[in-house]
Amino acid sequence: MDTETNKATETTSTMDCEKNPDSFEEVKSKKSQKRKRDMGAMEMESEDTIASKRPQFPPISGDKLTGGADEMRKVAVPAHRYTPLKENWLKIYTPIVENLQLQVRFNLKTRNVEIKTCKETQDIGALTKAADFVKAFVLGFQVEDALALIRLDELFLETFDVTDVKPLKGDHLSRAIGRIAGKGGKTKFTIENVTKTRIVLADTKVHILGSFQNIKMARTAICNLILGSPPSKVYGNIRAVASRAAERF
């Protein structure tokens, strides 16, 4: 009896299915839904990466960057530097005109060295390099030392006054300057050689030419001398600092 009733229910269910086929809905698997969701996310990411790519522009020339207008820098020359400038003019003129492709002249009325860009100027920073080069020579550096400002990018000029470190007057100021220079310039030469810088003493002004780290070492040594430290102690300190810097690099 049971088997007959089961057969009867199966036949009735098949009949119902045949009568209205839309009564059963097909169930989608969760895996297929997840796969489609992941594919859609990947497509969105690919579209975002394509949109987020930076546009590629060709390099612009210096003439277009300045808008075609010529730029000029003026460097004032004090009276005591006229003669050295006149004697070394060819050495100053040649690298500025031939290497940096700039125009340069000395204005006799205003006593300025005028540097100007032209159509041949390619490097944007050439004008700044040339102005720093002439300024270094005017401050008292040799032409060969000042030329390094044109050849190397990581060189700087720093100037400070002895009285900025310690307010000294009269003989005390003279003795401080004498401690920096040393007998026959020995102390100054030693600081220059150890720190790989160039130092110019002009009255109470101290000019240092070198890289940032080396200028810092030389400035610290000069400040210690101004404050009254003996040269032997300063030598030991800068040698220790220089050896540590050499080991680090």
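Quick caveat: nothing in here was measured; it's all calculated off a predicted structure.

Colleague: Quick question: what am I supposed to make of helix α12 (residues 212-226) here?
Modeller: Residue pairs spaced three or four apart in an α-helix point in one direction, given the helix's 3.6 residues per turn. The end-to-end C-alpha separation of α12 is 21 Å, in line with the 21 Å expected for 15 residues at 1.5 Å each. Regarding α12, the residues found buried are Asn 214, Ile 215, Met 217, Ala 218, Ala 221, Ile 222, Cys 223, Leu 225 and Ile 226.

Colleague: Sorry, what's going on with the pattern of salt bridges here?
Modeller: If charged atoms from side chains of opposite charge come close, those side chains can pair. Under the counting rule described, the total for this entry stands at seven salt bridges. Across the pair Glu 114 and Arg 105 runs a salt bridge, and its minimum N-O distance is 2.7 Å. Where Lys 205 meets Asp 161, a salt bridge forms, and the shortest distance between an N and an O atom there is 3.9 Å. Taken as a pair, Lys 205 in strand β6 (residues 205-210) and Asp 161 in strand β4 (residues 156-161) lie far apart in primary sequence, 44 residues in all.

Colleague: It is not clear to me how unusual backbone geometry should be interpreted in this structure. Could you clarify?
Modeller: Across the chain, the bulk of peptide bonds are trans and the bulk of non-glycine residues have phi less than zero. For Gln 101, which is not glycine, the phi dihedral falls at a positive 55°. Checked against the element boundaries, Gln 101 lands in the loop between α5 (89-99) and β2 (103-107). By relative accessible area, which is 32% here, Gln 101 ends up partly exposed. In this model, Arg 111 sits at a positive phi of 60°, which is unusual for a non-glycine residue. Checked against the element boundaries, Arg 111 lands in the loop between β2 and β3 (112-116). Taking relative accessible area as the criterion, Arg 111 reaches 36% and is therefore assigned partly exposed.

Colleague: Help me understand the nonpolar core in this model?
Modeller: Considering soluble globular proteins, one finds that nonpolar side chains tend to be buried as a cluster. Counting 27 residues, the largest nonpolar core has Ile 92, Ile 96, Leu 102, Val 113, Ile 115, Phe 133 and Val 134 as the members making the most contacts within it. Only α5, β3, α6 (126-139), α7 (143-146) and α8 (148-151) provide two or more residues apiece to this core. A per-element tally of this core places α6 first, with eight residues. Other than its neighbours up to four places away in sequence, Ile 115 contacts Glu 71, Met 72, Arg 73, Ile 96, Leu 102, Gln 103, Val 104, Leu 127, Ala 130, Ala 131 and Val 134. In terms of nonpolar packing, the next biggest core, distinct from the first, is built from 18 residues, Ala 176, Ile 215, Ile 226 and Val 234 among them.

Colleague: Explanation requested: the sheet that holds β4 in the structure shown.
Modeller: Sheets are built from strands that pair by backbone hydrogen bonding, the pairs being arranged parallel or antiparallel. If you walk across this open sheet you meet the three strands as β4-β6-β5, and the pairing is antiparallel. A single partner strand is all that each edge strand has here, and the edge strands are β4 and β5 (198-202). Neighbouring strand axes in the sheet, compared pairwise and without regard to direction, differ in orientation by 15° on average. In this sheet, β6 lies alongside β5 in antiparallel orientation, the contact comprising five bridges. Counterpart to Leu 201 in the pairing with β6 is Val 206. Together, β4, β5 and β6 form the strand contacts of α12, whose direction differs from that of β6 by roughly 155°.

Colleague: What is the right way to look at the side chain of Asp 161 in this model?
Modeller: Taking relative accessible area as the criterion, Asp 161 reaches 13% and is therefore assigned buried. Only 3.0 Å separates the side chain of Asp 161 from the side chain of Thr 163, close enough to count as a polar contact. At 3.2 Å, the side chain of Asp 161 forms a polar contact with the side chain of Thr 204. Apart from the residues lying within four places of it in its own chain, the contact partners of Asp 161 are Thr 204 and Lys 205.

About the thresholds
The residue numbering used here restarts from 1 in each chain and proceeds along that chain's sequence as written. Totals for whole chains, interfaces and linings use all residues, but because this is a predicted model, local features are given only for residues with pLDDT of at least 70 and pairs of side-chain atoms are given and counted only at 80 or more. To get the side-chain values, take all heavy atoms of the structure and skip hydrogens and water. Secondary structure counts use DSSP, requiring at least four H or I residues in a row for a helix and at least two E residues in a row for a strand, with both numbered from the N terminus. In this analysis, the expected span of each helix is defined as 1.5 Å times one less than the number of residues it contains. Residue burial is assigned from relative accessible area. The probe radius is 1.4 Å, only protein chains are included, and a residue is buried under 20% of its type maximum, exposed over 50%, and partly exposed in between. Think of a salt bridge as a Lys or Arg side-chain nitrogen and an Asp or Glu carboxyl oxygen that are within 4 Å of each other. For this analysis, a nonpolar core means a set of buried residues of the types Ala, Val, Leu, Ile, Met, Phe, Trp, Tyr and Cys, connected via side-chain atoms within 4.5 Å. Contacts were defined at the residue level, with two residues in contact if any of their heavy atoms lie within 4.5 Å. At least two DSSP bridges between two strands are required for those strands to pair. Between the N-to-C directions of two axes lies an angle of 0 to 180 degrees, each axis being a line fitted to C-alpha atoms and, for a helix, fitted only over the stretch in contact. Two N or O atoms form a polar contact when they lie within 3.5 Å of each other; inside protein one atom must be a possible hydrogen donor and the other a possible acceptor, and for residues adjacent in sequence the pair counts only when both atoms belong to side chains.

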